Amino acid sequence: MASVQMKKVSKIYDGKVTAIKDADIFIEDRDFVVLVGPSGCGKSTLLRMVAGLEEISSGEIYIDDKLVNEVAPKDRDIAMVFQNYALYPHMTVFDNMAFGLKLRKFPKEEIRERVSEAARILDIEKLLDRKPKALSGGQRQRVALGRAIVRKPKVFLFDEPLSNLDAKLRVQMRIEINRLHHKLQTTMIYVTHDQVEAMTMGDRIVVLKDGLIQQVDSPLKLYNDPVNRFVAGFIGSPSMNFIEGELVRNGNLQFKSKIFNFDIPEEISKKLRESTGKEVILGVRPEHLYDVSLATDKELSTPQKIQVDVVEPIGNEIFVYFSEGSQSYCMRMSPDKLHEAGEKIGIGIDLKKVFFFDAATEERIG
């Protein structure tokens, strides 16, 4: 068990391409931290630098207060679980899990004890004599986890370990890894591009874009208090709706756009006074757009008539899509009333749940 700290860590390839720039992260002992972002944002590179599989261009990495910049991967006391399982096809499950311990000359009895304990934790005791080709994807991933567990490392590193599994298995394995964390009480760093995985697994989430850390926070803090447009749009599914407009003063402070025009409540307008006359972006999540005929108890913006383009019923809720010009928007609604494509309805925004971003910088302003 150990803390992990990155101080001004950067990675530049060929002196030109910056994969990571000045990453500052402190991961506490026993914390479960998820690195999330779109493809190419640098999250796997950052993980591989912690593992020692990538050299850092500048900065410092500490594991348990020990500087590990020049420490070989095998001496960092970490275990890594890869996307492709990386199992030896000619070895049994037992031998795959025991391989690292055999290389380190552990006594045979201790190897057997460690493998048996890990197999029991992961419920793969009956698979120890099989070879990888006889296992399902989920079983192979459990074996890969078991191989990491037997090492009893200070830090577990996961590089998109569930991306090769189908949707149902991904959910099951998310639960298994969460249980594993609670059981082992070990520091874990987990990389994914799937924000649902990030939200459901991490104690804290590090959101990256183009090699830069955008925000580090708890899942709910990221969802309810994003610092900029990128974080607001990346976290949440379906993603947040963004509406371009401007703030004007006409007695009250007002938001004006092609689709919505409304007075801004006083408690919000206090934060926006310096942005009067500027172009802004309104952010509203799909669950905070309402059919005004069904939400009489909400403080909504002035109703706006829209035409329904597409309706997606998914059981416990429906997604209703509408558009303005080339821009499409989404509403998350109860299935109590099923709208139809082509139907015209009045919608409003819950004004207590809106976000405002500066159109130029995309930073949050209210």
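In what follows, the structure referred to is the one given above.
Residues numbered from 1 in each chain as written. Predicted model: local features only at pLDDT ≥ 70, side-chain atom pairs only at ≥ 80, totals over all residues. Heavy atoms only, no water.

Peer 1: I'd like a rundown of the packing of helix H4 (residues 137-149) against helix H5 (residues 167-184), residues and numbers included.
Peer 2: Direction vectors running N to C along H4 and H5 enclose 20°, while the axes themselves pass 11 Å from each other. Our classification of the angle between H4 and H5 gives roughly parallel. Judged by the twist between their axes, the crossing of H4 over H5 is right-handed. Here H4 contributes Gly138, Gln141, Arg142, Leu145 and Ile149 to the contact with H5, which in turn contributes Leu169, Met173, Glu176, Ile177, Leu180 and Leu184. Residues that form the contact of H4 with H5 fall into these classes: 7 nonpolar, 2 polar and 2 charged. (Axes fitted to C-alpha atoms, helices over the stretch in contact; angles between N-to-C directions. Helix = DSSP H or I, 4+ residues; strand = E, 2+ residues; numbered from the N terminus. Parallel < 35°, antiparallel > 145°, perpendicular 65-115°, else oblique. Left-handed = near helix turned anticlockwise from the far one by under 90°. Contact = heavy atoms within 4.5 Å. Nonpolar A, V, L, I, M, F, W, Y, C, P; charged D, E, K, R; others polar.)

Peer 1: So what's going on with the sheet that holds strand E17 (residues 310-313)? Residues and values would help.
Peer 2: In spatial order, the strands read E17-E18-E19; together these 3 strands make up an open sheet with antiparallel pairing. One side of each edge strand has no neighbouring strand; the edge strands of this open sheet are E17 and strand E19 (327-333). The average undirected angle you get between the axes of adjacent strands in this sheet is 20°. (Pairing = 2+ DSSP bridges.)

Peer 1: Describe the pattern of salt bridges, listing the residues and the values that go with them.
Peer 2: Once their charged atoms are close, side chains differing in charge can pair, the charge on each being opposite to the other. In this structure the tally under the stated criterion is 17 salt bridges. With its nearest N and O atoms 3.7 Å apart, the salt bridge here joins Arg48 to Glu54. Relative accessible area serves as the criterion here: at 27%, Arg48 is assigned to the partly exposed category. Salt-bridge contacts for Asp64 lead to Lys154; the nearest nitrogen and oxygen are separated by 3.4 Å. Remark: Lys154 occurs in the loop between H4 and strand E7 (155-159) and Asp64 occurs in the loop between strand E4 (58-63) and strand E5 (66-67); sequence separation between them is 90 residues. Note on Asp64: relative accessible area 33%, which makes it partly exposed. Through salt bridges that share partners, Lys11, Arg48 and Glu54 make up one connected network. (Salt bridge = Lys/Arg side-chain N within 4 Å of Asp/Glu carboxyl O. Buried < 20%, exposed > 50% of the residue type's maximum accessible area, 1.4 Å probe, protein only.)

Peer 1: Can you lay out unusual backbone geometry for me, pointing to particular residues and giving the numbers?
Peer 2: Cis geometry marks the peptide bond from Ser237 to Pro238, where omega comes out at -5°. As for its position among the elements, Pro238 is in the loop between helix H8 (229-234) and strand E11 (241-250). The phi torsion at Glu160 lies on the positive side, around 45°, for a residue other than glycine. If you trace the backbone, Glu160 turns up in the loop between E7 and H5. With relative accessibility at 13%, the residue Glu160 sits in the buried group.

Peer 1: Tell me about the sheet that holds strand E16 (residues 304-307), residues and numbers included.
Peer 2: The strand order across the open sheet built from 3 strands is E15-E20-E16, with neighbouring strands paired in antiparallel fashion. Looking at which strands have only one partner, the edges of the open sheet turn out to be strand E15 (289-291) and E16. Taken pair by pair, the neighbouring strands of this sheet meet at an average axis angle of 45°, ignoring direction. Here E16 runs beside strand E20 (residues 344-349); their pairing, made up of 4 bridges, is antiparallel. Residue pairing in the sheet places Lys305 in a bridge with Gly346 of E20.

Peer 1: So what about helix H2 (residues 93-103)? Which residues, and what values?
Peer 2: Inspection of H2 places Val93, Phe94, Asn96, Met97, Ala98, Gly100 and Leu101 among the buried residues, and these make up the whole buried set. Buried-residue contacts for H2 involve helix H3 (108-122) and H4. Looking at the residues trailing H2, positive phi occurs at Lys105, about 65°.

Peer 1: How would you summarise H5 if you had to cite specific residues and measurements?
Peer 2: Along its 18 residues, H5 runs 26 Å from first to last C-alpha, staying within 8% of the 26 Å computed at 1.5 Å per residue. Burial in H5 covers these residues: Leu169, Met173, Arg174, Glu176, Ile177, Asn178, Leu180 and His181. Looking at the buried residues of H5, the elements they touch are strand E3 (32-36), H3, H4, E7, strand E8 (187-192) and helix H6 (195-201). The residue sitting at the N-terminus of H5 and contributing the capping side-chain oxygen is Asp166; that oxygen lies 3.2 Å from the backbone nitrogen of Lys168. A positive phi of about 55° marks Gln185, the residue just after H5. (Expected span 1.5 Å × (residues − 1). Polar contact = N/O pair within 3.5 Å; in protein donor to acceptor, adjacent residues only side chain to side chain.)

Peer 1: Lay out the environment of Ala119 with the relevant residues and their values.
Peer 2: Among the structural elements, Ala119 can be located in helix H3. Taking the C-alpha atoms as reference points, Ala119 and Ile243, 124 residues apart in sequence, are found 52 Å from one another. In contact with Ala119, other than residues within four places in its own chain, are Met97, Ile124, Glu125 and Leu128.

Peer 1: Could you give an account of the side chain of Ser257, with specific residues and numbers?
Peer 2: Note that Ser257 resides in strand E12 (residues 252-257). Residue Ser257 is classed as buried on the basis of its relative accessible area of 14%. Separated by 2.8 Å, the side chain of Ser257 and the backbone oxygen of Phe260 make a polar contact. Each residue touching Ser257, except ones within four places of it in the same chain, is listed here: Ile243, Glu244 and Gly245.

Shape descriptors only; they carry no functional weight alone.
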